[in-house]
Amino acid sequence: MSWTQDPREDREASSASPSRGFGRWFSDLASAGREVKRVAKETRDAMVLLRHSAKHGDQQARPAEGLSQSLRVEVLSASDLSYVKSLPVPYCVVVTGYPDQTWGKKLGRECKTAPALRQRHPRWNALCHVAFPPEQVSASRVDFQKPDAAAPSADPPELCVRVLDAGGLRGDRLCGEARVPLRGRRGAGTFRLLGGGYATVSLRWSDRRGEIQLTEVSPEDEAFERACAFWARHDLGDLAGVTHAQLELAAMLATEPNGSRSAQLQMNEIILQAPLSALLLNHLDPREIQGLEVQSPGSHSLMTVLSEHLHLFTPLAGSRLVGALVERLPMVRGSVTLEDPCYLVVQRCAEAWEDFLLKIFLHFRGKELLELKRLVDAAGGGRDLRNTVYTVITHEARRAALLKHFEEEAERLEDFPLHILADIDQTVFVGTFGAGGPKFPTGPVPGALALFRALGGRVTFLSARPPIWEGQTRRLLDEIGIAEAVVLPGSLKAIAQVLYAPEQAKVAMAERKTEVFGQFATLHPEAQFIFIGDSGEGDIDFAEEFMAASRTRNLRRPPRAALIHDVARADGIVPKSNAARRNELRMRGIHVFDTYAGAALELFMLGLLDGEGLRQSAHGCLEEFGEIDVVEFASNEVFETRRMELLRDVREVNAAMRSAEQWRLRSGSAAGACVREVWRRNFGDHGNENEQDREGGVAKSDAEPDPQSRFFYVTACLNLVLSLLRLPTI
């Protein structure tokens, strides 16, 4: 029996073969694309490692000469490192130094770890040996009424660990910096990376003597080791490992005794070391969002247990939870469009997470709330408190409840924390930005950082630089030694206006600073603000608004102060503000200064800086000025003018310190003399009308102050008297 093929089968086979061919073709193309992507990734990794090796050489530095004088540091791991587009290639630079040293002065004794390829949660487990810094001795010969001015620094050295990303095309990118005071011979802990979002780094350290004394282990060290062991046994490379870690962590939180201090220490260490970006908000489960009675594995279950045990956590652990939510909430909201069928489900989930974010803030009170706000502000990179409240929290009722909580807690405080509000260009650093003549060479303005350290408050930079330059701004601050600071940026429109309408640009900069500061002041109603700007671009206009607003504040709030660093004119010699302008601003509570020694003296006269702070500020200003080479100034005349200004202010500082010392020893007759000195500096000497004032110099005013200014400075005089008598100020 013969077999013959049906013609219809031939037609079906011929029509099906092209579709199967196209399917195979697309499958081969996808496989080829994956292979190309893999090869490109491997090639990029090899190039990154080659470039890193050529730049830094041997990764593990050898022990310095005399092992007994070196510090043994184990860099274990990091969590939740920030990245821009691709996963980072992180490595660490470990060095020792002193708190008042810039990063450049600390280098020379550093040790580097090997880079970890494409790891947001790297585990280096690297051993480094770094030498202790030499004793820090003052180079200044001016004693400022202090016999032991040339003695070694009393501040303990600190361990500095910088995490950098070697994968950037334009060089290594800073992921954050941790600073650990070395008060003991050994220790361990997990520390926030300042300016690195909510990332942390885990360390152990000891010197040779600390390695021997291992008989006694503190509860903090024991909690640290337990947390390290917990995360070491979990593989978070796949979803199953993440789910297992979530369930085990939730079970530990639910079963731990609430009153146990060891349990609290352990849970805090676990949260500090946890890769929160992998544990929280890692996926959306509709069953959890709809509130069904289903205990499915996922982030919702873990966050539910976390929200019920917030009493276990310190502000440091709470700031990490805030950071994870602030990072992921905008991403979740932007992941779906209004037309997407799951839009409502995703928005309901985002609302639940926003409620959790609000609950964290509302849980902390008093000093703990202040610490939480400080840590959130230290995240940087658009993840500070201002961005959290005014951008991430979208619900008006939640934002109002949070601001009300801040205000209520501020009313309960008795001490008002100091916030230093400063401009950057021509105020702290001389660079390409800002207006003014060549008063100082490019670099930090002498004495600015010394005054910040003497004041001891939080530092917030209110800059005219637009947000797109925030990364460059933070790199600049890190290089001059300011790792923890809030940057409130300006607007690009105001910067562009400088090219065609400079006067309008100054007004726009001042308006932008006033707007941004208004939001910042609302977030910190308990703060006492000191503004330090310059006379170049818009800062005087802002200072007038700043001081005018202080006169309408609650009387219980402490007074504000505004200081303006006077820039030079085009020749770099003559100050921009003449005598009449300085006196006019002084009547409004705005003090113009030429050197930071003079700025410290103004704050001392206002009762905002004590005698020791005045001494340290003037000392630091003199030292930093002495470190600048004469040839770096625009001309010898510019250098000589700056030198004479500094010597004039140093003489006034010495005179004020002598008067204060006499006042303290003979509190009767010298009190009136010191108060008269404050009055003379603020209101002028009316009996000396024949004194000739040069243009740009500091003249004495013959104008009668208004009653409001008179009341302000009388209060300052009383504060000065009370501070010198070591009594509470008013």
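Residues numbered from 1 in each chain as written. Predicted model: local features only at pLDDT ≥ 70, side-chain atom pairs only at ≥ 80, totals over all residues. Heavy atoms only, no water.

Draft legend 1. Just the overall build of the protein chain, in detail. Tallying secondary structure elements over the protein chain gives 25 helices and 16 strands in all. Looking at the 730 residues of the protein chain, the share that counts as buried comes to 51%. Counted over contacts in the protein chain with a minimum sequence separation of 6, partners at least 24 positions apart contribute 72%. (Helix = DSSP H or I, 4+ residues; strand = E, 2+ residues; numbered from the N terminus. Buried < 20%, exposed > 50% of the residue type's maximum accessible area, 1.4 Å probe, protein only. Contact = heavy atoms within 4.5 Å.)

Draft legend 2. Structural view of the sheet that holds strand β9 (residues 418-422). Taken together, the six strands give an open sheet; going across it, the order is β13-β12-β9-β14-β15-β16, and neighbouring strands pair in parallel fashion. Edge strands, defined here as strands with exactly one partner in the open sheet, are β13 (486-488) and β16 (590-593). Adjacent strand axes in the sheet meet at a mean angle of 20° when their direction is disregarded. By the bridge criterion, four bridges tie strand β15 (residues 561-565) to β16 in an arrangement that is parallel. Looking across to β16, one finds that I564 is bridged to V592. Each of β9, β12 (458-462) and β14 (528-534) touches helix α15 (residues 448-455); the most contacted strand, β9, lies at about 165° to it. (Pairing = 2+ DSSP bridges. Axes fitted to C-alpha atoms, helices over the stretch in contact; angles between N-to-C directions.)

Draft legend 3. Molecular detail of the packing of helix α10 (residues 315-333) against helix α11 (residues 343-363). Interhelical geometry of α10 versus α11 gives an angle of 155° and a closest axis separation of 10 Å. By the criterion of interaxial angle, the relationship of α10 to α11 is roughly antiparallel. Crossing geometry of α10 relative to α11 is assigned as left-handed. Between α10, through G318, L321, V322, L325, L329, V332 and R333, and α11, the contact on the second element is made entirely by V346, Q347, A350, W353, E354, F356, L357, I360 and F361. For the contact of α10 with α11, the class distribution of residues is 12 nonpolar, two polar and two charged. (Parallel < 35°, antiparallel > 145°, perpendicular 65-115°, else oblique. Left-handed = near helix turned anticlockwise from the far one by under 90°. Nonpolar A, V, L, I, M, F, W, Y, C, P; charged D, E, K, R; others polar.)

Draft legend 4. Geometry of empty space enclosed by the protein. Scanning all chains against the criterion turns up five cavities of 30 Å³ or more. By volume, the largest cavity amounts to about 70 Å³. Around the largest cavity sit R192, G197, Y198, S319, V322, G323, V326, L375, V376, A379, R383 and T388, which together line it. Those elements giving two or more residues to the lining of the largest cavity turn out to be α10 and α12 (366-377). For the lining of the largest cavity, the class distribution of residues is six nonpolar, four polar and two charged. As a volume, the second largest cavity reaches approximately 50 Å³. Around the second largest cavity sit F440, P446, D594, T595, C621, F625, R642, E645 and L646, which together line it. At the level of secondary structure, the elements contributing two or more residues to the lining of the second largest cavity comprise α22 (611-626) and α23 (636-665). (1 Å grid on protein atoms, 1.4 Å probe; cavity = no way out; pocket = protein on both sides within 12 Å on 5 of 7 lines; lining within 4 Å. Points joined across faces, edges and corners; volume = space filled by probe spheres on them.)

Draft legend 5. Focus on the pairing of β15. The buried count for β15 comes to five of five residues, which makes it a mostly enclosed element. Alternating residues of β15 divide into A561, L563 and H565 and A562 and I564, and every residue in both groups is buried. Where β14 and β15 come together, five bridges link them in parallel fashion. Bridge assignment links I530 to a residue of β15, and that residue is A561.

Draft legend 6. Region of interest: the packing of aromatic side chains. Scanning all chains against the criterion turns up 16 aromatic pairs. Taking 6.0 Å as the distance between ring centres and 55° as the angle between the ring planes, the aromatic pair formed by F625 and F633 counts as tilted. For the pair shown, F625 and F633 are each scored as buried. Feature note: the residues F517, F520, F529, F531, F542 and F546 constitute an aromatic cluster, connected by ring pairs. Of note, R162 hangs over the ring of W103, and the distance from its end group to the ring centre comes to 4.0 Å. The ring of F406 is capped by K373, whose NZ or CZ atom sits 4.5 Å from the centre of that ring. (Phe/Tyr/Trp six-rings, centres within 6.5 Å; stacked < 30°, edge-to-face > 60°. Lys NZ or Arg CZ within 6 Å of the ring centre and 35° of its normal.)

Draft legend 7. Structural detail: a nonpolar patch on the surface. Judged by side-chain polarity, W25, F26 and L29 come together as a nonpolar surface patch covering roughly 360 Å² of accessible area. By secondary structure assignment, the location of W25 is in helix α1 (residues 7-56). (Patch = residues over 30% accessible without salt bridge, like charges linked within 9 Å, V, L, I, M, F, W, Y side chains within 5 Å. Areas by Shrake-Rupley, 256 points an atom, 1.4 Å probe, with all protein chains shown as cover. Salt bridge = Lys/Arg side-chain N within 4 Å of Asp/Glu carboxyl O.)

Draft legend 8. Representation of helix α16 (residues 470-479). Every buried residue belonging to α16 is among E470, T473, R474, L476, L477 and D478, and all of these are buried. Summarising the contacts, the buried residues of α16 are in contact with α2 (103-106), β5 (158-165), β6 (173-181), β10 (429-430), β12 and β13. Downstream of α16 by one or two residues, G481 has phi in the positive range, about 100°.

Draft legend 9. Expanded view of the environment of L321. Tracing the chain through its elements places L321 in helix α10. Sequence separation of L321 and I271 is 50 residues, and the distance between their C-alpha atoms is 8.3 Å.

Draft legend 10. The arrangement of the environment of V326 in detail. Examined against the element boundaries, V326 turns out to sit in helix α10. The exposure class assigned to V326 is buried, which follows from its relative accessible area of 5%. Spatially, the C-alpha atoms of V326 and N387 are 8.7 Å apart, while their sequence positions differ by 61 residues. When neighbours within four sequence positions are excluded, V326 is seen to be in contact with R383, N387, T388 and V392.

Draft legend 11. Examining the state of the cysteines more closely. Within this structure, the stated rule accounts for zero disulfides. Summary of cysteine pairing: C92 is not part of a disulfide, and the nearest cysteine sulfur, belonging to C128, is at 7.9 Å. A relative accessible area of 0% places C92 in the buried class. (Disulfide = S-S within 2.5 Å.)

Draft legend 12. The arrangement of the packing of helix α21 (residues 596-605) against α22 in detail. Direction vectors running N to C along α21 and α22 enclose 170°, while the axes themselves pass 8 Å from each other. With respect to α22, the element α21 is oriented roughly antiparallel. The residues of α22 that touch α21, namely those facing Y596, A597, A600, L601 and F604, are G611, L614, S617, A618 and C621. Each residue belonging to the contact of α21 with α22 can be placed in one class, and the counts come to eight nonpolar, two polar and no charged.

Draft legend 13. Representation of the side chain of S202 within the structure. For S202, the position within the fold is in strand β8 (residues 200-207). For S202, a relative accessible area of 2% puts it in the buried group. Reaching out from S202, the side chain makes a polar contact with the side chain of T190 at a distance of 3.2 Å. When neighbours within four sequence positions are excluded, S202 is seen to be in contact with E74, V75, L76, S77, G189, T190, F224 and Q273. (Polar contact = N/O pair within 3.5 Å; in protein donor to acceptor, adjacent residues only side chain to side chain.)

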